[in-house]
Amino acid sequence: MMQITQNQIKALIDEQGNARKCLKCQNRQVVAQFNMNRSFKRMITCPDCQGTGKATISIPKEWVVCNCGGKGCTECYGKGKRLKYEVGEEIYYCLNNPPCDCLGGCNNKIRLKIISETEDKWRVCLI
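Some points on the environment of Ile59
At step 1: Summarising the element assignment, Ile59 is placed in strand β3 (residues 56-60).
At step 2: Among the residues examined, Ile59 registers a relative accessible area of 1% and is labelled buried.
At step 3: The sequence separation of Ile59 and Arg123 amounts to 64 residues, and the corresponding C-alpha distance is 6.5 Å.

So, the packing of aromatic side chains
At step 1: Going through the model one piece at a time under the given rule, you end up with one aromatic pair.
At step 2: Both rings, one in Tyr85 and one in Trp122, keep their centres 5.7 Å apart while their planes meet at 65°; by these two values the pair is edge-to-face. Here the residue Tyr85 occupies a position in the loop between β5 (81-83) and β6 (90-94), and Trp122 occupies one in strand β8 (residues 121-126), the gap between them amounting to 37 residues.
At step 3: Here the guanidinium or amino end of Lys109 rests over the ring plane of Tyr92, the centre of that ring lying 5.5 Å away.

A few points about the sheet that holds strand β7 (residues 109-117)
At step 1: An order of β3-β8-β7-β6 is seen for the four strands of this open sheet, with the pairing classed as antiparallel. Of all strands in the sheet, those with a lone pairing partner are β3 and β6, marking the two edges. Averaged over all pairs of adjacent strands, the angle between strand axes in this sheet comes to 45°, irrespective of strand direction.
At step 2: When β3 meets β8, the two strands line up antiparallel, connected through five bridges. Bridged to Pro60 within β8 is Lys121.

Describing the nonpolar core
At step 1: Of all hydrophobic cores here, the largest spans 17 residues; its most connected members are Met2, Ile4, Ile59, Tyr93, Leu112, Trp122 and Val124.
At step 2: Broken down by secondary-structure element, the contributors of at least two residues to this core are α1 (6-12), β3, β6, β7 and β8.
At step 3: In this view, Trp122 contacts Ile57, Ser58, Ile59, Pro60, Lys61, Glu62, Leu83, Lys84, Tyr85, Ile114, Ser116 and Glu117; residues no more than four positions away in its chain are not counted.

Some remarks on the environment of Ala19
At step 1: Locating Ala19 in the fold gives a position in the loop between α1 and β1 (31-34).
At step 2: Considering only alpha carbons, one finds Ala19 and Ala55, 36 residues apart in sequence, at a separation of 7.1 Å.
At step 3: When residues no more than four places from it in sequence are discounted, the contact partners of Ala19 are Leu12, Lys54 and Leu126.

Points about the pattern of salt bridges
At step 1: According to the stated counting rule, one finds five salt bridges in the structure shown.
At step 2: Close ionic contact of Arg123 with Asp48 constitutes a salt bridge, the shortest N to O distance being 3.6 Å. Remark: Asp48 occurs in the loop between β2 (41-44) and β3 and Arg123 occurs in strand β8; sequence separation between them is 75 residues.
At step 3: Owing to a relative accessible area of 18%, Arg123 belongs among the buried residues under this scheme.
At step 4: In this structure, the salt-bridge partner of Lys61 is Glu117, at a minimum N-O distance of 2.9 Å. In this pair, Lys61 sits in the loop between β3 and β4 (63-65) while Glu117 sits in strand β7, placing the two residues 56 residues apart along the sequence.
At step 5: Classification of Glu117 by relative accessible area gives partly exposed; the value is 39%.

The rules behind each value
Residues numbered from 1 in each chain as written. Predicted model: local features only at pLDDT ≥ 70, side-chain atom pairs only at ≥ 80, totals over all residues. Heavy atoms only, no water. Helix = DSSP H or I, 4+ residues; strand = E, 2+ residues; numbered from the N terminus. Buried < 20%, exposed > 50% of the residue type's maximum accessible area, 1.4 Å probe, protein only. Phe/Tyr/Trp six-rings, centres within 6.5 Å; stacked < 30°, edge-to-face > 60°. Lys NZ or Arg CZ within 6 Å of the ring centre and 35° of its normal. Pairing = 2+ DSSP bridges. Axes fitted to C-alpha atoms, helices over the stretch in contact; angles between N-to-C directions. Core = buried A, V, L, I, M, F, W, Y, C linked by side-chain atoms within 4.5 Å. Contact = heavy atoms within 4.5 Å. Salt bridge = Lys/Arg side-chain N within 4 Å of Asp/Glu carboxyl O.

What follows is the structure in structure tokens.
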């Protein structure tokens, strides 16, 4: 189960319960630049928030057992495990201590979205 510290939660949410702004880009909007002949467009985005303007945190990736039984499907590449979530997917995280699974209708949860990934971590922001 995903473990997020209280400091990470405070980095995402302000005192009023709203999403904090990204400190790196200071909530600048995504800037589109065109080259001289305008044949293609290159987007310039903040490396942390990926243009969302919201504060982000890094969390370790989670793996689950793949249904292929280690036979080498495209999701697990023969390792028998696959990623629990993908980039762009929404995650519900319970703020109770200890976190519950929130299947019983818990109202103390936040919605996070995975906006990017590295080899061993996901970058998430509050939705």
